[in-house]
Structure formats: structure tokens, C-alpha cells
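Descriptive structure summary
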Amino acid sequence: MDKNKKSRSKIIIVSNRLPVTINKKKDGLKIQQSPGGLATCLDSIQEEGKAIFVGWPGYWPSNDKEKKFIENNLINHHQCYPVFISPAEIGKYYYGFTNRTLWPLFHYFSTYCAYEESEWEAYKGVNQKFFQEVFKIASPQDIFWVHDYHLMLLPSLIREALPQSSIGFFLHIPFPSSEVFRMLPWRKEILEGLLGADLIGFHTYEYVRHFLSSVLRLLEYEHEFGAIHVDNRIIKVENFPMGIDSLRLEKLLQQPSIQKEIKKLEKKIWTEKRKIILSVDRLDYSKGIPQRLKGVELFLEKNSNWHDRFTYIMLCVPSRTKVRQYSLIKEEVDQLVGRINGRFGRPGWIPIHYMYRSLPFDKLLPLYYLSDVALVTPLRDGMNLVAKEFVASKRDNRGVLVLSETAGVASELGEALLVNVNNKEDLAAALTKALDMSEKEQIRRIEPMRKRLFENDVFHWARSFVERIKEVKKIQAQCEHQKLNEKWKKKLISDFRKSKNRLLLLDYDGTLVTFAIKPEQAKPDVGLKRLLYSLARDPHNNLVIVSGRDRRTLEQWLGKVPCGLVAEHGAWIKKDPRHEWEKQKRLSNDWKKQLRPILKVYEVRVPGSLVEEKEYGIAWHYRKANPELGQLRSSELFDYLNEFLANTDLQVMHGNKVIEVRVSGINKGNGVMPWLSENKWDFILALGDDWTDEDLFKILPKMAYSIKVSYGPSEARFYLESPQSTRNLLRELVRIHK
Ligand code: GDG
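The structure presented is a predicted model; accordingly, all values stated were derived computationally and were not measured.

What counts as what
- Residues numbered from 1 in each chain as written.
- Predicted model: local features only at pLDDT ≥ 70, side-chain atom pairs only at ≥ 80, totals over all residues.
- Heavy atoms only, no water.
- Helix = DSSP H or I, 4+ residues; strand = E, 2+ residues; numbered from the N terminus.
- Areas by Shrake-Rupley, 256 points an atom, 1.4 Å probe, with all protein chains shown as cover.
- Lys, Arg positive; Asp, Glu negative; His and termini not counted.
- Charge placed at Lys NZ, Arg CZ, Asp CG, Glu CD.
- Buried < 20%, exposed > 50% of the residue type's maximum accessible area, 1.4 Å probe, protein only.
- Pairing = 2+ DSSP bridges.
- Right-handed = clockwise from strand over helix to strand, strands pointing away.
- Near = heavy atom within 4 Å.
- Polar contact = N/O pair within 3.5 Å; in protein donor to acceptor, adjacent residues only side chain to side chain.
- Domains from an automatic or database assignment.
- Expected span 1.5 Å × (residues − 1).
- Contact = heavy atoms within 4.5 Å.
- Axes fitted to C-alpha atoms, helices over the stretch in contact; angles between N-to-C directions.
- Parallel < 35°, antiparallel > 145°, perpendicular 65-115°, else oblique.
- Nonpolar A, V, L, I, M, F, W, Y, C, P; charged D, E, K, R; others polar.
- Phe/Tyr/Trp six-rings, centres within 6.5 Å; stacked < 30°, edge-to-face > 60°.
- Core = buried A, V, L, I, M, F, W, Y, C linked by side-chain atoms within 4.5 Å.
- Salt bridge = Lys/Arg side-chain N within 4 Å of Asp/Glu carboxyl O.

So, about the overall build of the protein chain. When helices and strands are counted, the protein chain shows 26 helices and 29 strands. Referenced to the eigenvectors of the C-alpha coordinate spread, the extents of the protein chain come out at roughly 105 × 65 × 45 Å. Split by element, the accessible area of the protein chain, about 32,500 Å² in all, is 50% carbon and sulfur. Of the charged side chains in the protein chain, 115 are positive and 93 negative, and the gap between their average positions amounts to 3 Å.

Structure (C-alpha cells):
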């Protein structure tokens, strides 16, 4: 680790590939820009000069001297720190786990997935290797931004070594539905790996939803507005649609060399009087190339008037050729192109110009600029930057984008002609519409999309992501600030010791005992009873148990303890064992008749959930239900009841896995008033774990020690982790008098 603690914080971007790649040529090693969408983005961020990069340079050095040479060159001239991955590791980690398991699964090609234990082991090993390289250059104040599916275990590895660090993770490919994701044998490890981050980003809201749902179903962590609480840390999950470097593209278009290329091509197009259709893809089965070709074939069958009046330039960049599915797709595409050109071509006209190669960007850009129609038709795509580059290059706002609705980019470029790629009729019709489209209509569609791309470019994307990591850290710090640390604990104990009139207000479930599946199972154990007796017998203490439970249960469980009891969130109070239960005035129960059937419907609809009747309240518990269904239905019920009960004096509360209705004005704050109003206290301690305890925390005087027994925003001054920590604290207070 970087020992220079005073060094300024830096952004460390970690991705499988560096923005540059090393290639061995006859005349020595060459450094070139890496291919692909992520590399394009990293390249743009790198130009801003704010980050350093850690990643694979695509090359395995033949000896130490060469390794040293590459390292020096990359570090000194490109701010890149190489991670060298051996050919054997590449075979299993890259061609294996990432490209034969994760890539197909996340793109919904589950039948292409291999689940090889040895490849998973290699994936873990390489993530560890990346961690070691990152750790060498890291300081605790750095921001780590980990990219993509190759490195999903890395956030947790960094978190373990540097618990306070700021870590962001961004996934460039889709996150599949939880039904698909759960097929992965190592699904929990992957999710846990990702949850090491403070901020997890996806291109679209749909992927966010899928991820949150997997976390809920597989790890049982609930979320609230995209925030997950894990180990006393808030993790935010949000969408950040990635942009392109639109301005750079605009400037490049004006460069003389590119203008020259444009003029040359324009001349050719004018002579041939043909419209240009363009597609640019890595040759990957997710890109829907055969489906698209079948659509083009149908278009040709149906539209003989368009024969000889267009040329379709199909650029396919070779990709992952060592994976079997990729060579199969290549064969299929070759055959389809041969068939279509054979069927419809004629002397002087070949419908499809198929290029199986990569083009330098200064040759690609003129093609974007001059094409009339772009066909971007993946079956699945995280985002798809080609669609954005095509639109951004349209300086005169002319051109038509035919876009698959299953590409992430479709959620941003809604003015495109959206198609279902599996429906060749749909595709052929869109192509006809695109070629026939009036200029006015083209401008009407392209203009707003283009404007959007200039406003939300790649820098905006990167800046918002990094800013958001910082904001999440601030939110965490606010919560951290409340922790009852050793220093505060000492102060609490010393104040306790000095005081003579103490009021101790303790919630029961979730504060003194952990939650049980059924409410009646959370009976006080012997240890707890002993602890409560010891506290209550001290003449300087006034102990009150402030619970949402019904009075009969409290009486049965704690009736003999010399303390006060508050039942049903304050509907009933009992000052001490010698007193009778007193109820709050003006309480009626007629309303329960109307609500009971509604809650019973939810009991039936959500297996495992149950309705609990209290004297002045009614509750629906869903702790034992399927977590996702429970969360979904509870939000639905909560909204429904709030609307249903508007303008009544009933109140709906969403507690810890429970929805409860009670008469408003009854709350734990009012419930403890008979004690609080005595006004003689020189020490007050209140502990509670959920929403219903907030009413109590709110009304306490400033000198009171209010403690929430879980992490998260609260009116309480402090928080403790669990009922176990509550008991430890109380035990220390008891010990003072022994
Ligand atoms: C992943 C996700 C997501 C293509 N051919 C050539 C060339 N390219 C450049 C394009 C574009 C990039 O490569 C392709 O980006 P995509 O977004 O389409 O696709 P992936 O590489 O699969 O990237 C994807 C992306 O990450 C970013 O998050 O959008 O969904 O799969 O920039 O211009 N560049 C050059 N010659 C070529 O022949 N120079």
C-alpha cells in the first residue's frame, strides 16, 4: 500500500482491459488503443488526466526485462498500471468464466453457459491478482472505481483490506432478471463481492431493479429507494446511463483528413446514387446479426423497388474467436451474407458489403456521418455506444436509427425506430420506413436525441458517478457519527453512575431480543429476565418496557418484574406490578371490523404472513414470507391503507416486517408521558429499533441517551448494532452496583 498518507486522493480506475493494449509487431512492442465500448470510455476519461488505471494490457511478457520495460512505459506515459495475466489464466478466467459463463448468462443466453468449477477458481484467482496490484498503489483516501463483470469480487476484496475506502462499481452489460441470475452456482459470492462497493451503477433502471431483486431474494437484504444496509453500511444502487465523448466526435469530424475521406466517399455515393445502410458490431451472438440479416432478406423479398438503390455496409469486428459459440456465429453470418448476396445481387450491385475486420476510428466516423440508416439491433446490450456515435455524428440532423428495444440505449433514444429483432417482419418494415422517411421527419427525430447526447456525455457520466460515490460516503459518515463508540459509552456509564433518578425506557422486540419467526416465540429467556430484574431492583432506576405487543403478552412475560409496562405502542400503560392497566381515553374498536378482512386477504395472498389482533390495533406480519413478495405486497398494502384511511383518526405504520394500523395519537412518545412528565430525572436512557420508537426518541430532552438498535437514519443520538449489544451495555450498567 502507498505509505505516503499525505498524498492527495486519486481516482483509481480498475478494469479488465487498460485503455491501451500492447501488441508485439516485427519491429518491437507497440502500444495501441484497446477496442470496445469500455475502452472508448476509459480513453475519454484518461484524456481528462484525472485518473490512473489498473488493468490487463493484453500481453504476457516473455521475460522480466520486457515486463519491466512495459511497466515503466505504461506507468510513465499512460498512467496505466498493468496486471499481467498468464495465458493459462486467460484461458480459464477470460475465455472461460467471463466469456463462457457470465457474458451469456447476463445476456439471457443461459443455454450457452458453462459452469466449470476450475474456471470459477481462476476467476477468483485473477480478481485476487487485481486486488494485489491495486493494493500496491492504493492509499485509504483514494476513490476506487471498478468496472464490469470481470471484476465482481474486487469491491469486497478492497473493502476487507481498506474498510473505510470509497468504492464504486459499474456494470457495462445488462444485469439479468433474478430468475436468470439465480441459475449461477456462485450467485451469492458474486453478489457479496459487489456489495463491498459503496455505489453500484448500471446503465438502466431495469438492471437496477433486477439487481435489487436478486439481492433481496438471495441474500435477504431489503432495500429502500435503492439503498441497501449491509454490516452497518449504506450501499446505493442507481442507474447512470453512459454517454459518449460527443464533443470530441464533433471536432474530429471537422479535421481536414476526415473531411477529405468524407468527400472521397461522398463522390462515390453520388456516382452510384445509392443510399447507405450501416451496422457496426463486435461479432457476438448477443448483437442479433443473423436475426438482422433475415430481416434484411425479407425486406429485399418484399421491396424490389429498393434493389440496386442501397448498399448495406456491415462491419463486424472479430471478437473472442477462441470461444466456440463465436466461431459458430461467424459461420452462420458468413452463410447468410453469401445467401442474400447470391439471391439478390446482380452485376454491379452487391446488397451487403461485409467487412470482417476492425476499422480505425477516422475511417469509421465518415461512415457514420454519411450513412442514411444505422441498424443497431442487438438481442441484448448493456447500452450500445454505436447507436450514440451514429446519432452524434449527424451534424445536419439527417439520418435514421433503427434500434432494438432490448438495447439499454433504447431507454434514452426513444425517437429511434424501435424494433423487436426476433420479429423479421417488424425489422423489414422498419427498414422500409427508414429508407422512405422524409427529411423533415428525420430531423424531428434526430435533433432531440443529438441534443441529449451532447448534454449527457461521457464526462457528465463519469463526473456524476464519482460525485455520487462522495455523496454516499457523506451519508455513511452522518450515520457513523451516531455510533455509540467506546468514548461515548464511557461517558454514558459515568453519567449513569453519578445520577440518582434514572429513567430507562426499553423497547422489547429487536432491542432486547432478536426477531423470531412467529411473534409469540420471542419470549424472554432466563438471562434477559435476570438482567431486567437486576436493573429494576436498583432503587435509583425506573425501568419501563415500551412495546408494541398486546398487554396480555407483556403481563404474562414481564408482569412480575418491578417495572412499568407500555403495551400496544402506548394504548395501555401499567405504572408498576401493583397497579392496574390503564387505557388511553377515547379509544374505540369499531374500525377493526372493516380492516380485518383486508388484512386477511394479504395473509392468504402472501404465504407465511399472518395477522395479529391487538386490543386497539391490528397488524400484518410478513417476516416469514418470501422476502421479495413480502416487500412488494407490504408496500402495496401500506399505500392502499394510507389512502383508505385518509381523513380518519387511524394511523398506518410500516415497522420492521410488519404493517400496523392503530388509532392516531397513540404512540410510544405519548405512552411514556406519565413517567417523563415527572420531571425529576437526572439520567434518561431510551433504546428502540424501529420506526415506532422514533416517536419516543423525538420527545426526549437533549440530555437523554437515545439509542437506535440498528443502523440507519434516526432521531436517536446513537446507534448500537444488535440486541446483543443492548444486553452488553445493560449488563455493564448492572455491574456498577455489584
Ligand atoms: C460493452 C457493452 C456498452 C466498434 N468497432 C470499431 C470500433 N468500435 C467501437 C465503437 C464503440 C465501441 O467500439 C463499441 O461499443 P458498444 O457499446 O457497442 O459495445 P461493447 O464493446 O460490447 O461494450 C455495451 C459498453 O460496454 C459501454 O458500457 O455500451 O453494451 O456490451 O465505441 O465506436 N472502433 C474502432 N474500429 C472499429 O472497427 N476504432
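The next point concerns the pairing of strand S19 (residues 541–546). Of all six residues making up S19, five are buried, and the element is well covered by its neighbours. Inspection of the sheet shows strand S18 (residues 502–506) paired to S19 by five bridges, in the parallel sense. Residue pairing across strands places Leu505 opposite Val544, the latter belonging to S19. With three bridges connecting them, S19 and strand S20 (residues 564–567) associate as parallel partners. Paired with Val546 across the strands is Val566, a residue of S20. Traced from S19 through helix H20 (residues 551–558) to S20, the parallel crossover comes out right-handed.

Of all residues adjacent to the ligand, which total 25 residues, the nearest are His172, Leu359, Asp381, Leu385 and Glu389. Note that an oxygen atom of the ligand is positioned 2.5 Å from one of the side-chain N or O atoms of Asp381. With respect to the ligand, the backbone of Leu385 contributes an N or O atom lying 2.8 Å from an oxygen atom. Burial of the ligand by the surrounding chains reaches 90%, relative to a free accessible area of 730 Å². Mapped by element, the contributors of at least two residues to the shell around the ligand are helix H1 (37–47), strand S12 (275–282), strand S13 (310–317), helix H13 (361–370) and helix H14 (385–392).

So, on to the domain arrangement of the protein chain. When cut into domains, the protein chain gives domain 1 (10–239), domain 2 (246–455), domain 3 (482–585 + 666–736) and domain 4 (592–663). Its C-alpha centre places domain 2 at a distance of 53 Å from the equivalent point of domain 4.

Relative to the 26 Å expected for 18 residues at 1.5 Å per residue, helix H22 (residues 627–644) spans 25 Å between its end C-alpha atoms, a close match to the ideal helical length. For H22, the set of buried residues is Pro627, Gly630, Gln631, Arg633, Ser634, Leu637 and Leu641. Where H22 is buried, its residues touch helix H8 (205–219), strand S9 (223–224), helix H21 (591–605), strand S24 (617–621), strand S25 (650–655) and strand S26 (658–663). The opening residue of H22 is Asn626, an N-cap whose side-chain oxygen sits 2.8 Å from the backbone nitrogen of Glu628.

What follows is about the packing of H8 against H22. The N-to-C vectors of H8 and H22 enclose an angle of 120°; their axes lie 8 Å apart at closest approach. By the angle between their axes, H8 is oblique relative to H22. Contacts from Ser213, Leu216 and Arg217 in H8 reach Pro627, Glu628 and Gln631 in H22. Residues belonging to the contact of H8 with H22 are distributed by class as follows: two nonpolar, two polar and two charged.

On to the pairing of strand S8 (residues 199–202). Taking every second residue as pointing to the same face, both faces of S8 are buried, with Leu199 and Gly201 on one and Ile200 and Phe202 on the other. Pairing analysis gives three bridges linking strand S7 (residues 166–170) to S8, with the strands arranged parallel. Note that in S8 the partner of Phe169 across the bridge is Ile200. Two strands pair when backbone bridges link them, and S8 and strand S11 (residues 233–239) are joined in this way by four bridges, in the parallel orientation. Bridge assignment links Ile200 to a residue of S11, and that residue is Val237.

Turning next to the packing of H14 against helix H16 (residues 439–455). With their axes 9 Å apart at the nearest point, H14 and H16 run at an angle of 110° to one another. It follows from the interaxial angle that H14 and H16 lie roughly perpendicular. Along its contact with H14, which presents Lys388, Val391 and Ala392, the element H16 presents Ile446, Met449, Arg450, Leu453 and Phe454. Among the residues making up the contact of H14 with H16, the classes are represented as six nonpolar, no polar and two charged.

This paragraph deals with the packing of aromatic side chains. This model, assessed by the stated rule, comprises 36 aromatic pairs. Note on Tyr285 and Tyr326: the rings are 5.3 Å apart at their centroids and 55° apart in plane angle, and the pair reads as tilted. On the criterion of sequence distance, the pair formed by Tyr285 in the loop between S12 and helix H11 (289–302) and Tyr326 in helix H12 (residues 324–344) is long-range, its members being 41 residues apart. Aromatic side chains Tyr705 and Phe718 sit 6.1 Å apart centroid to centroid with 20° between the ring planes, which places their arrangement in the stacked category. Within this pair, whereas Tyr705 is found in strand S28 (residues 705–708), its partner Phe718 is found in strand S29 (residues 718–719), the two being separated by 13 residues in sequence. Just as Tyr705 is buried, Phe718 falls in that class too.

Before going further, it helps to examine the nonpolar core. In terms of nonpolar packing, the biggest core is built from 102 residues, with Met152, Ile200, Phe211 and Leu293 touching the most fellow members. A domain split of this core shows at least three residues from each of domain 1 (10–239) and domain 2 (246–455). If we ignore the near neighbours within four places in the chain, the residues touching Ile200 are Phe169, Leu194, Leu195, Phe211, Ile235, Lys236, Val237 and Glu238. Counting residues in each nonpolar core, the second largest holds 62 residues, with Leu252, Ile258, Val386 and Leu453 among its members.

Our focus in this paragraph is the sheet that holds S13. Spatial strand order, S14-S13-S12-S15-S16-S17: six strands in an open sheet with parallel pairing. Each having just a single partner strand, strand S14 (352–356) and strand S17 (417–419) make up the two edges of the open sheet. Taking the axes of each pair of neighbouring strands and ignoring which way they run, one obtains an average angle of 15° across the sheet. Sheet topology note: the S12/S13 ladder contains eight bridges and is parallel. What sits directly across from Ile276, in S13, is Thr311. Contacting S13 and S14, H12 crosses the sheet at an angle of about 155° to S14.

What follows deals with the sheet that holds strand S23 (residues 610–614). Read across the open sheet, the four strands follow the order S23-S24-S26-S25; overall the sheet is antiparallel. Because the sheet does not close on itself, it has two edges, and the strands there are S23 and S25. On average, each strand axis in the sheet is tilted by 15° relative to the strand beside it, whichever way the strands run. One ladder, built from six bridges, connects S25 with S26; its direction is antiparallel. Considered in S26, the bridge of His654 is made with Ile659.

Attention shifts here to the pattern of salt bridges. A complete count under the given rule lists 65 salt bridges for this structure. For Asp695, the salt bridge is made with Arg662, and the minimal N-O distance between the two is 3.6 Å. Within this pair, whereas Asp695 is found in helix H25 (residues 691–699), its partner Arg662 is found in strand S26, the two being separated by 33 residues in sequence. The class for Asp695 is buried, based on a relative accessible area of 15%.

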